[in-house]
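Residues per chain are reported as follows:
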Amino acid sequence: ERGTAITYTGGPASSGWMMGSGQLACASCHGTDGRGGVHRMGMNQVMDAKDIRWSALQGEFDLEKFRLAVVKGQDPDGTQLKSDMPRWTINDDDLADVIVYLKTLP
């Protein structure tokens, strides 16, 4: 709604056919309910996506740690997340909106 594209680098390997012509969203991997889990992405790629409902994240993540995970692919302990996790180019307002949404998921 702000008129700025939210782009990404990395993420699941794709030849352009797998995820809506290569366009990912959080729900592409974590599901519309945010619970994540193990699932198949394309023909041979198996992914274990984290539960991103805020109720599941809040003990481990705060706003800054969540931002680092989304933008830099950094886990709260400082290690790098798997390359399956896209590195998103997202502004602070849009990121705050994502968190507000994640807080609504039961």
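Residue numbering note: each chain is counted from 1, following its sequence as written. Reporting of local features is limited, given that this is a predicted model, to residues whose pLDDT is at least 70; pairs of side-chain atoms are given and counted only at 80 or more, and all residues count toward the totals for whole chains, interfaces and linings. Side-chain measures were taken over the full set of non-hydrogen atoms in the model, leaving aside hydrogen atoms and water.

Asks: Can you help me understand the overall build of the protein chain in this one?
Replies: A tally of helices and strands in the protein chain yields four helices and four strands. Counting from the N terminus, the helices are the DSSP runs of H or I reaching at least four residues and the strands are the DSSP runs of E reaching at least two. Reading the helices (α) and strands (β) of the protein chain from amino to carboxyl end gives β-α-β-β-α-α-β-α. When accessible area is computed with a 1.4 Å probe and restricted to protein chains, residues below 20% of their type maximum are described as buried, those above 50% as exposed, and intermediate ones as partly exposed. For the protein chain, with 106 residues in total, the buried portion stands at 33%. Working rule for contacts: check all heavy atoms of both residues, and any pair within 4.5 Å makes them a contact. By sequence separation, contacts in the protein chain at least 24 residues apart represent 41% of the contacts at least 6 residues apart. Each accessible area value is a Shrake-Rupley result obtained with a 1.4 Å probe; residue values ignore everything except the protein chains displayed when judging cover. Carbon together with sulfur atoms contributes 53% to the accessible area of the protein chain, which is approximately 6,600 Å² in total.

Asks: Looking at this structure, how should I read the nonpolar core?
Replies: Soluble globular proteins tend to pack their nonpolar side chains together in the buried interior. In this description, a nonpolar core means a group of buried Ala, Val, Leu, Ile, Met, Phe, Trp, Tyr and Cys residues linked to one another through side-chain atoms lying within 4.5 Å. Counting 15 residues, the largest nonpolar core has W54, L57, F61, F66, V70, W88 and L102 as the members making the most contacts within it. Among the elements of the structure, α2 (54-57), α3 (63-72) and α4 (92-104) are those that each provide at least two residues to this core. Filtering out sequence-adjacent residues up to four positions away, F66 remains in contact with W54, L57, F61, L95, V98, I99 and L102.

Asks: Any chance you could explain the pattern of salt bridges here in plain terms?
Replies: Note that side chains of opposite charge can pair when their charged atoms are close. A side-chain nitrogen of Lys or Arg and a carboxyl oxygen of Asp or Glu constitute a salt bridge if their distance falls within 4 Å. All told, the structure shown has six salt bridges when counted by the stated rule. For the salt bridge of D51 with R53, the shortest nitrogen-to-oxygen distance reads 2.5 Å. Each member of the pair D51 and R53 is classed as buried. A single network of salt bridges, built from pairs that share partners, joins R2, D94 and D97.

Asks: In this structure, what is going on with α4? I would like to understand it.
Replies: Along an α-helix, residues three or four apart share an orientation, since each turn contains 3.6 residues. How far a helix is expected to stretch is found by multiplying one less than its residue total by 1.5 Å. Taking 1.5 Å of rise per residue, 13 residues should cover 18 Å, and α4 covers 19 Å from first to last C-alpha, within 8% of that figure. Listed as buried for α4 are D94, L95, I99 and L102. For α4, the angular spread of the buried residues around the axis is 145°, confining them to a single face. Turned more than 90 degrees from where α4 packs its buried face, V100, K103 and T104 sit exposed. Residues of α4 that are buried in the fold lie against α2 and α3. The backbone nitrogen of D93 has a side-chain oxygen 3.0 Å away, supplied by the residue at the start of α4, namely N91. Note that the arc is computed from the directions linking the helix axis to the C-beta atoms. Pairs of N or O atoms are called polar contacts if they sit within 3.5 Å, as long as, within protein, a hydrogen donor faces a hydrogen acceptor (for residues adjacent in sequence, only side-chain-to-side-chain pairs).

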